[in-house]
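Each chain is listed here by its residues.
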Amino acid sequence: MNREEFYPDTGPSPEQFAAFLDGELEAGARVRVETWLANHPVDAEEIEGQRRVLRLWQANIPPEPAPAAWATVFDRIEAKLRPVSHRPHALRRTLWLGAGLAAAVLTAVLLTRQFQPGHATTRPPVIASKSGSLINTEAPDQEPILLASQDDVSVVSVESYWQDDGRVPSIGEGDVSMIVAAPLAADREP
Amino acid sequence: MAFVTAPCLPAPSDEVLLERFAAGERAALEELFGRYRQPAYRAAFRLLGNEPDALDAVQEGFVKALTHLSGFQGRSSFKTWLLRVVSNAALDLGRQRGRRVLLSLSAPGADETADARLLTPDEAASGLERADLRTLLDEALATLSESQRRAFVLHADAGLSYREVADATGVSIGTVMSRLFYARQKLREHLSQRTTL
């Protein structure tokens, strides 16, 4: 039987030669390549040269890093993979967010107390729009009415404006548009 | 006399370790690092030619592979995914920094070690001219195309199978085999001019 009939013209393909060198061919295919090489010295020289390259390559593996170098790399990897909540900048962000929320809650509490009937404060604070006109806190849904100027009041806090539906937008939802102010002098009516 | 032996627990799979890592277990990360640092380093070293850059690539590769596990999604082994990312990182670093070994070849005296004498595989095995031979191998590797270099290094140095190299590089197994053949052919051509190959 002429074994070259398996490779009629060109012989084994580069893929078959690669698999032959790596020992990945099945027994029958390996024998066919071996037979081809036995009859084709140029190919045989090429494959033998490649085999020597692989031996040379494996005999010269890169030197291993020192244990201390590995430890440094691991520490850096671990630091970069540390959960986000443990990172310093994330902690700072969390603190700022917490402080903002606390301020918002405090403002809401103060406003609620101001709106309660019979509250000790006889003069409700005035609320001013960003444009400088002021509105009465007792009727925030009405058109702004000029109640006081900056000479008459001091700013207590800055808050978001009420929506049409009476909902107070959350922080960050829109521009800050309300200023809660208190009269500077108790004997001056707005 | 009866001996009581503790049951030998099989090593946890990569999938189990990844779950433990996601739950914040440091030991799981250590185990994964210990398992794959060597093949990752060998591949990166071959692609970059020096230890500091190779360690940078390993570090970056581990971080990226573990922070982008959604890209992995279990379609291949974690080893394949990791070595894909590490080899990408190494090739990127190589483009940014250049292979320092090639720069060192142009340094005074470097040509003497590279060209002055022929080296045999036996000399390589003896370790007497290991540094010189490694320089020659680095130089030969640099003559390959990037795709050939990557396939060859992942197979020869990281120990990936054809299938794994195909997964890591996004090509067919046949393409991997073809690249390996032509990579070795080119290496042989280059090395045969300077050694007794």
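Conventions and cut-offs
- Residues numbered from 1 in each chain as written.
- Chains lettered and ligands numbered in written order.
- Predicted model: local features only at pLDDT ≥ 70, side-chain atom pairs only at ≥ 80, totals over all residues.
- Heavy atoms only, no water.
- Helix = DSSP H or I, 4+ residues; strand = E, 2+ residues; numbered from the N terminus.
- Buried < 20%, exposed > 50% of the residue type's maximum accessible area, 1.4 Å probe, protein only.
- Contact = heavy atoms within 4.5 Å.
- Areas by Shrake-Rupley, 256 points an atom, 1.4 Å probe, with all protein chains shown as cover.
- Expected span 1.5 Å × (residues − 1).
- Axes fitted to C-alpha atoms, helices over the stretch in contact; angles between N-to-C directions.
- Left-handed = near helix turned anticlockwise from the far one by under 90°.
- Nonpolar A, V, L, I, M, F, W, Y, C, P; charged D, E, K, R; others polar.
- Buried area = accessible area lost by both parts, 1.4 Å probe.
- Salt bridge = Lys/Arg side-chain N within 4 Å of Asp/Glu carboxyl O.
- Polar contact = N/O pair within 3.5 Å; in protein donor to acceptor, adjacent residues only side chain to side chain.
- Lys, Arg positive; Asp, Glu negative; His and termini not counted.
- pLDDT = per-residue confidence, 0-100.
- Parallel < 35°, antiparallel > 145°, perpendicular 65-115°, else oblique.

Q: For the overall build of chain B, give the residues involved together with the corresponding values.
A: Counting its regular elements, chain B contains eleven helices and zero strands. For chain B, the sequential pattern of α-helices and β-strands runs α-α-α-α-α-α-α-α-α-α-α. Expressed as a percentage of its 197 residues, the buried residues of chain B come to 49%. Sequence-distant contacts in chain B: of pairs separated by 6 or more residues, those separated by 24 or more amount to 64%. Carbon and sulfur atoms make up 52% of the accessible area of chain B, which amounts to about 9300 Å² in all.

Q: Give a detailed account of helix α11 (residues 173-192) of chain B, specifying residues and quantitative values.
A: Helix length check: α11(B), at 20 residues, gives a terminal C-alpha distance of 28 Å against a target of 28 Å (1.5 Å per residue), a fit within 8%. Three or more residues of α11(B) are buried, namely B:Val176, B:Met177, B:Ser178, B:Leu180, B:Phe181, B:Ala183, B:Arg184, B:Leu187, B:Arg188, B:His190 and B:Leu191.

Q: Any details on the packing of helix α2 (residues 26-48) of chain B against helix α4 (residues 78-97) of chain B? Residues and values, ideally.
A: All names here are of chain B. Between α2 and α4, the least distance of the axes is 9 Å, while the angle of their chain directions is 35°. The crossing of α2 and α4 is right-handed. In contact with Leu32, Tyr36, Pro39, Ala40, Ala44, Leu47 and Leu48 of α2, α4 contributes Phe78, Lys79, Leu82, Leu83, Val86, Ser87, Ala90, Leu91, Leu93 and Gly94. Residue composition of the contact of α2 with α4, grouped by class: 14 nonpolar, two polar and one charged.

Q: Mind laying out the interface of chain A and chain B, listing which residues take part and the relevant values?
A: Facing the 36 residues of chain A at the interface are 45 residues of chain B. Interface area, chain A with chain B, both sides summed: about 4100 Å², of which 68% is carbon and sulfur. Looking only at chain A, the three residues that lose the most surface to chain B are A:Leu56, A:Trp57 and A:Trp70, adding up to 19% of its buried area. Remark: the boundary between chain A and chain B carries four salt bridges. For the interface between chain A and chain B, the tally reads twelve residue pairs in polar contact (both at pLDDT 80 or more). Of all elements in the fold, only α1 (14-21), α3 (41-58) and α4 (67-81) of chain A reach the threshold of two or more residues within the side of chain A that touches chain B.

Q: Describe in detail α3(A), supporting the description with residues and values.
A: Over its 18 residues, α3(A) extends 26 Å from the first C-alpha to the last, a length consistent with the 26 Å expected when each residue adds 1.5 Å. Within the sequence span of α3(A), burial applies to A:Glu46, A:Ile47, A:Gly49, A:Gln50, A:Val53, A:Leu54, A:Leu56 and A:Trp57.

Q: I'd like to hear about the environment of A:Ser13, residue by residue, with values.
A: If you trace the backbone, A:Ser13 turns up in the segment before α1. Once the C-alpha coordinates of A:Ser13 and A:Val33 are considered, the two residues, 20 residues apart in sequence, prove to be 9.8 Å apart.

Q: Which residues make up the pattern of salt bridges, and what values go with them?
A: Across all of its chains, the model carries 14 salt bridges over all chains by this definition. As a salt-bridge pair, B:Glu30 and B:Arg26 come within 3.2 Å of each other at their nearest N and O atoms. Here B:Arg26 and B:Glu30 lie together in helix α2, a separation of four residues that amounts to about one turn. Note on B:Glu30: relative accessible area 38%, which makes it partly exposed. Measuring nitrogen to oxygen at the nearest pair gives 3.3 Å for the salt bridge that ties B:Arg163 to B:Asp167. Placement of the pair is B:Arg163 and B:Asp167 together in helix α10 (residues 162-169), with a separation of four residues, close to one helical turn. The class of B:Arg163 is partly exposed, set by a relative accessible area of 45%. The class of B:Asp167 is partly exposed, set by a relative accessible area of 31%. One connected set of salt bridges, linked through shared partners, spans A:Glu45, A:Glu46 and B:Arg188.

Q: Give me the side chain of B:Arg134: which residues, what numbers.
A: With respect to the helices and strands, the residue B:Arg134 is situated in helix α8 (residues 130-142). Here B:Arg134 occupies a buried position and makes no salt bridge, while the nearest side chain of opposite charge, B:Asp138, is found at 6.5 Å. Once you skip the residues sitting within four places of it in the chain, B:Arg134 turns out to touch A:Asn60, A:Ile61, A:Pro62, A:Pro63 and B:Phe45.

Q: Got a sec to walk through the confidence of the model for chain A? Specific residues and values, please.
A: Residue and element names in this part refer to chain A. Per-residue pLDDT for chain A has a mean of 68; in total, 38% of the residues score no lower than 70. In this model residues 84-88 is a low-confidence stretch, pLDDT under 50, and it forms four contacts with partners more than four residues away in sequence or in other chains. Between residues 120-147, whose pLDDT stays under 50, and residues either more than four places distant or in other chains, the model counts 61 contacts.

Q: Which residues make up the environment of B:His155, and what values go with them?
A: Relative to the helices and strands, B:His155 is located in helix α9 (residues 146-156). Sequence-wise, B:His155 and B:Ala43 are 112 residues apart; in three dimensions their C-alpha atoms are separated by 9.0 Å.

Q: Now, about the packing of α2(B) against helix α3 (residues 51-67) of chain B: what can you tell me, with residues and values included?
A: Residues and elements named next belong to chain B. For the pair α2 and α3, the least separation of the axes is 8 Å and the interaxial angle reads 130°. When the axes of α2 and α3 are compared, the pair comes out oblique. Of the two possible hands of crossing, α2 and α3 adopt the one that is right-handed. Mapping the contact onto sequence places Leu29, Leu32, Phe33, Tyr36, Arg37, Ala40, Tyr41, Ala44, Phe45 and Leu48 in α2 and Glu51, Asp53, Ala54, Leu55, Ala57, Val58, Phe62 and Leu66 in α3. Of the residues in the contact of α2 with α3, the class split is 15 nonpolar, no polar and three charged.

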